Amino acid sequence: MSSHEHAASLVHRDDVGARMGMWLFLFTELLLFGGMFLLYSVYRFTNQAEFHLAAKELNTVIGTFNTIILLTSSLTMALSIAAIQKNNVNLSIFFQLVTVLLGLAFMVNKYFEWTAKFHHGIYPGSEELLVKSPGEILFFGLYYVMTGLHGLHVLIGMVIILFMTSFTIKGVITRDSYVKLESAGLYWHLVDIIWIFLFPLFYLIT
Amino acid sequence: MEKNDNHSQHSHGYGIYILVWLALMALTAITVTVAGINFGNLTVTTALLIASVKTYLVLTIFMHLRSEDRTFRIFVAVSIFFLLVSFVLLFSDYSFLR
Amino acid sequence: MSVDVAALSTNGHTSYIDFQGKHKGVLGWLLSTDHKRIGILYLIAILTFFAVGVTIGFFMRLELIAPGKTIMNPQTYNSLFTLHGVIMIFLFVIPGIPAIFGNFFLPILIGAKDVAFPRLNLFSWYLYIFGALLAVLSILLPGGPADTGWTFYIPYSVRTGTNVLLALFAAFVLGFSSILTGLNFVTTVHRLRAPGMGWFKMPLSVWSLYATAWVQILATPIIGITLLLVVIERVFGVGLFDPALGGDPVLYQHLFWIYSHPAVYIMILPAMGVVSEIIPVFAQRTIFGYKFIAYSSIAIALFGSLVWAHHMFTAGMSNTGQFIFSLLTMIVAIPSAIKVFNWTATLYKGSIWVTPPLLYVLAFIFLFSIGGLTGIMQGVLSIDIHVHDTSFIVAHFHYVMFGGTGFGIFAAFHYWFPKMFGRMYNIKTAKAAFWFLFIGFNLLYFPMFIMGWLGMPRRYYDYLPEYQPFHLISTVGSWILIVGLIIMFANLIYALKKGKVTAEKNPWGGETLEWKVDTPPIHENFHTIPIVTERPYEYKNNDLILNQEVK
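Criteria and thresholds
- Residues numbered from 1 in each chain as written.
- Chains lettered and ligands numbered in written order.
- Predicted model: local features only at pLDDT ≥ 70, side-chain atom pairs only at ≥ 80, totals over all residues.
- Helix = DSSP H or I, 4+ residues; strand = E, 2+ residues; numbered from the N terminus.
- Contact = placed C-beta atoms within 7 Å.
- Rg over C-alpha atoms; globule rule 2.2 N^0.38 Å.
- Core = buried A, V, L, I, M, F, W, Y, C linked by C-beta atoms within 7 Å.
- Buried ≥ 20, exposed ≤ 12 C-beta atoms within 10 Å, placed from the backbone.
- Domains from an automatic or database assignment.
- Bend = angle between axes of the 7 residues up to and from the residue.
- Expected span 1.5 Å × (residues − 1).
- pLDDT = per-residue confidence, 0-100.
- Axes fitted to C-alpha atoms, helices over the stretch in contact; angles between N-to-C directions.
- Parallel < 35°, antiparallel > 145°, perpendicular 65-115°, else oblique.
- Left-handed = near helix turned anticlockwise from the far one by under 90°.
- Nonpolar A, V, L, I, M, F, W, Y, C, P; charged D, E, K, R; others polar.

Comments concerning the overall build of chain A
Okay, so step 1: Along its length, chain A carries seven helices and zero strands.
Okay, so step 2: Ordered by position from the N terminus, the helices and strands of chain A form the series α-α-α-α-α-α-α.
Okay, so step 3: Across its three principal axes, chain A shows a C-alpha extent of roughly 70 × 35 × 25 Å.
Okay, so step 4: Pairs at least 24 residues apart make up 77% of the contacts formed inside chain A by residues separated by at least 6 positions.

Right, dumping it as structure tokens:
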């Protein structure tokens, strides 16, 4: 009926349980961003015109580019798991590293995007921003906070994947035991999903 | 209770992932193009709809929800339901304000 | 519940208290991943903060004994009610039952050796301590403790010069500790039930902990992010809630209560589980309506998440919003009422054995009913506008949270004490303490209903002389209550050292798994994992007699 055939063994191993724990954690992440989306939806509802105006400042090209990068990184992440399932350790490591590099590219883009905004004097508390309408101040507040927290999650995800790569090299993650890599992948895909919603809601409302 | 096998294998070939990736790229292209056209109120709806389809693909294929135990799918449904209800109830206030 | 008896017989295993792991002495506790030891760690930490919270409450009541300044200035008073709220809610009531008794007993009740993620479990305890230290720092550092009330309402919380940042961050960290506990419990219940332990063979406290865990997982992140946003707003001046920057303070209230209303169910549901556990034992009857109680736990978790805005009827919501939330608030009373009916039905014609745990449970039902029914009153729009922000709310809240959850914790403590420590406390002293607590409690909080109805606002430092009789009774009640607390804890602490040693497995005659294991439980709870064949609370002999009587 359940998993207790393993109870006798010294180390209890339950991959389904481990994945379940990871999913539950992802729900908290989902709701964490969900709270910000709630905020976004109400402010957009009450400041429609200002949101449209403010969104014109955002660079759709960079946004689209970053979307492509992140979606591709999700692909390579999934491929790295498929590779380890086929016992192709080197290919798996390769895909993991590509995922991290794509994450890095995303962050570099983000960096240029943000510094350009700062250059134009649009940052929290700046004089340029404070003379704008309340709706625009809110838009940029949400923009910085939501993409910022998302960026932080990308960074954390990159670090986690690097750990997984070292585990794979050391042989901790193998064809028979790859739940760690799977969990890291789940996290990475969730970060991707968040971006799937952030992108149209910030960059495509002009 | 959940399935018996603790180390359930759900290996897909590489092909399906690449297929899903192509679909995601296509959807991104659509959403960017469509954003230029003004559907009025429908613009947001279209964008969110496309984003939801993309999310569905990522959840089921990349995140292996398709081959995962039924419990997991119920979990995901419960969480998304909770979030959606929060939206609905919040707007039961805000849409009638003033 | 009948289990494989041979599997449970003693064969010289040492109890979890004497168990020698990798580390010795104190480290053996601080680094232990044993769910029982972690439960004890929580017990010590949580009761310490409870003592702090009670002391603060004592001084607040003392200040209010007479109008005008009595022992402190208004700013101190504002800080004290904030601290009292933050400490009692985030450090005592929310973690109380799940973290102490859930950790200790959940795995045993479902026939598991430990929780699903033992190391994560220990990590949540450290997160709790870290959060608690941040809260303490916010008191000690220059700038002074936060004075916003535990709700941190905007815009005052972005303007005040006190240490709001630390208090916010503390609540954020404590939230994550709570999330991780919930995550652990959900996985444990799904993955680690003993063979034969189907969903409807689980003890009812497991059901309520499971429902609670889901609320912890889904609702807590919302307050986490909300408080974090206030931090960001304060530190970076990002426009999010502050009306000066276009923000909407009412939206902050919405987001705050999306968590904080379900949070009261995080607080009360585990206590309801404890009540469902204790009543059949001391009525020596099978629980009445097992499935109704189990499902009502889930229903409370669900409906409890839909009613948050009834905290904001006077904050400037739309009429439609008010109407919807008022209606939903009525609905959430139904599952709670189902539980109360089932508990009383279980007591009916039972052979009741009056012990300290049962006394606390009966007090729970009585006080919770008063708190719950006044809660429905407040859900009615017209009444809410009358009593909003008066001490009526304070009374309601304390009847539910202290009379409910607080007494639930005391009940659980008295019920499981012999199992946890292998010693027995003095029953007579415990009963005496109970009466002090019960009488003190009602003297302390009932006058608040009356003066709140008459218009005494909450959180006020000063008041009109007309209210003084009520305040006087209330303050005297607080002294009686504290005497009761001192007697109760002195009795229990004394029992830890000098109490009668009892190795008896089942002193109360319980029919759930924890009473089948050694006293105190051994390191991994079971010598071999039991095979469960019957439902919990099967008191066959008594039920037989009862059925004959009915005929």
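Re the overall build of chain C
Okay, so step 1: The secondary structure content of chain C amounts to 17 helices and two strands.
Okay, so step 2: What you see for chain C is a C-alpha radius of gyration of 23 Å, in line with the 24 Å of a compact globule of 551 residues.
Okay, so step 3: Each principal axis of the C-alpha atoms in chain C carries an extent, and together these give about 70 × 60 × 45 Å.
Okay, so step 4: The long-range share in chain C, meaning contacts at least 24 apart out of those at least 6 apart in sequence, stands at 85%.

Looking at the nonpolar core
Okay, so step 1: Judged by nonpolar contacts, the single largest core of 276 residues is most densely connected at Ile110(C), Ile278(C), Phe364(C) and Ala411(C).
Okay, so step 2: At 23 residues, helix H9 (residues 249-283) of chain C tops the list of elements feeding residues into this core.
Okay, so step 3: Each of domain 1 (13-62) and domain 2 (67-93) of chain B contributes no fewer than three residues to this core.
Okay, so step 4: Among residues more than four places away in sequence, those in contact with Ile110(C) are Val189(C), Leu192(C), Arg193(C), Ala194(C), Met197(C), Met202(C) and Val206(C).

What about helix H14 (residues 391-421) of chain C?
All names here are of chain C.
Okay, so step 1: Along H14, the largest kink reaches about 45° and is centred on Tyr 415; proline Pro 418 follows within four residues of it.
Okay, so step 2: With 31 of 31 residues buried, H14 is to be regarded as a mostly interior element.
Okay, so step 3: Phi for Gly 422, located one or two positions after H14, is positive at around 65°.

Here's the deal with unusual backbone geometry
Residues and elements named next belong to chain C.
Okay, so step 1: Going from Ile 154 to Pro 155, the amide bond is cis rather than trans, its omega being 0°.
Okay, so step 2: Positionally, Pro 155 belongs in the loop between helix H5 (118-140) and helix H6 (156-159).
Okay, so step 3: Of note, the phi angle at Phe 152 is positive, near 50°, even though the residue is not glycine.
Okay, so step 4: Using a count of 23 C-beta atoms within 10 Å as the deciding quantity, one classes Phe 152 as buried.
Okay, so step 5: Non-glycine residue Arg 459 carries a positive phi angle of around 60°.
Okay, so step 6: Here Arg 459 shows up in the loop between helix H15 (427-454) and helix H16 (468-498).
Okay, so step 7: Classification of Arg 459 as partly exposed rests on a count of 14 C-beta atoms within 10 Å.

Regarding helix H4 (residues 89-119) of chain A
An α-helical turn contains 3.6 residues, so a residue and the one three or four places further along point in the same direction.
All names here are of chain A.
Okay, so step 1: Here H4 is 31 residues long and its end C-alpha atoms lie 45 Å apart, about the 45 Å a rise of 1.5 Å per residue gives.
Okay, so step 2: Taken together, the buried positions of H4 are Ser 92, Phe 95, Gln 96, Thr 99, Val 100, Leu 102, Gly 103 and Phe 106.
Okay, so step 3: On its buried face, H4 sits against helix H3 (60-85), helix H6 (134-170) and helix H7 (179-203).
Okay, so step 4: Following H4 by one or two positions, Gly 121 adopts a phi angle in the positive range, close to 80°.

Some words on the environment of Gly509(C)
Okay, so step 1: With respect to the helices and strands, Gly509(C) occurs in the loop between strand S2 (500-501) and helix H17 (540-550).
Okay, so step 2: Linking Gly509(C) and Asn525(C), residues 16 residues apart in sequence, is a C-alpha distance of 19 Å.

Overview of the confidence of the model for chain C
Okay, so step 1: Of all residues in chain C, 96% attain a pLDDT of 70 or more, and the chain-wide mean is 92.
Okay, so step 2: Taken together, the stretch residues 1-11 of chain C has pLDDT below 50 and engages in 28 contacts with residues farther than four places along the chain or on a different chain.

What about the interface of chain A and chain B?
Okay, so step 1: The interface of chain A with chain B comprises 37 residues on the first partner and 34 residues on the second.
Okay, so step 2: Among the secondary structure elements, those contributing two or more residues to the side of chain A that touches chain B are helix H1 (15-46), H3 and H7 of chain A.

Side note on the environment of Phe438(C)
Okay, so step 1: Relative to the assigned elements, Phe438(C) resides in helix H15.
Okay, so step 2: Remark: the alpha-carbon pair of Phe438(C) and Gly477(C), spanning 39 residues in sequence, is separated by 9.9 Å.

Some details on the packing of H14(C) against H15(C)
Residues and elements named next belong to chain C.
Okay, so step 1: Running from amino to carboxyl end, H14 crosses H15 at an angle of 165°, the nearest separation of the two axes being 7 Å. One way to sum up the angle between H14 and H15 is to call them roughly antiparallel. Between H14 and H15 lies a crossing whose hand is left-handed. Residues Ser 391, Phe 392, Ile 393, Val 394, Ala 395, His 398, Tyr 399, Phe 402, Gly 403 and His 414 of H14 form the contact with H15, whose own contacting residues are Ala 430, Phe 441, Tyr 445, Phe 446, Met 448, Phe 449, Met 451, Gly 452 and Trp 453.

Some remarks on the packing of H3(A) against helix H1 (residues 14-36) of chain B
For any two helices packed against each other, the geometry comes down to the angle between their axes and how far apart the axes lie.
Okay, so step 1: Contact geometry of H3(A) with H1(B) gives a least axis separation of 10 Å together with a crossing angle of 170°. Compared by their axis directions, H3(A) and H1(B) come out roughly antiparallel. For the pair formed by H3(A) and H1(B), the contact residues are Thr64(A), Thr67(A), Ile68(A), Leu71(A), Thr72(A), Leu75(A), Ala78(A), Leu79(A) and Ala82(A) on the first element and Tyr14(B), Tyr17(B), Ile18(B), Trp21(B), Leu24(B), Met25(B), Thr28(B) and Val32(B) on the second.
Okay, so step 2: Taken together, the residues that form the contact of H3(A) with H1(B) break down as 13 nonpolar, four polar and no charged.

Here we look at the environment of Ser79(C)
Residue and element names in this part refer to chain C.
Okay, so step 1: Looking at the secondary structure, you find Ser 79 in helix H4 (residues 74-109).
Okay, so step 2: Look at Ser 79 and you get buried, because 21 C-beta atoms sit within 10 Å.
Okay, so step 3: When the C-alpha positions of Ser 79 and Pro 243 are compared, they lie 24 Å apart, and in sequence the two are 164 residues distant.
Okay, so step 4: Those residues in contact with Ser 79 that lie beyond four places of it in its chain are Gly 144, Pro 145, Ala 146 and Asp 147.

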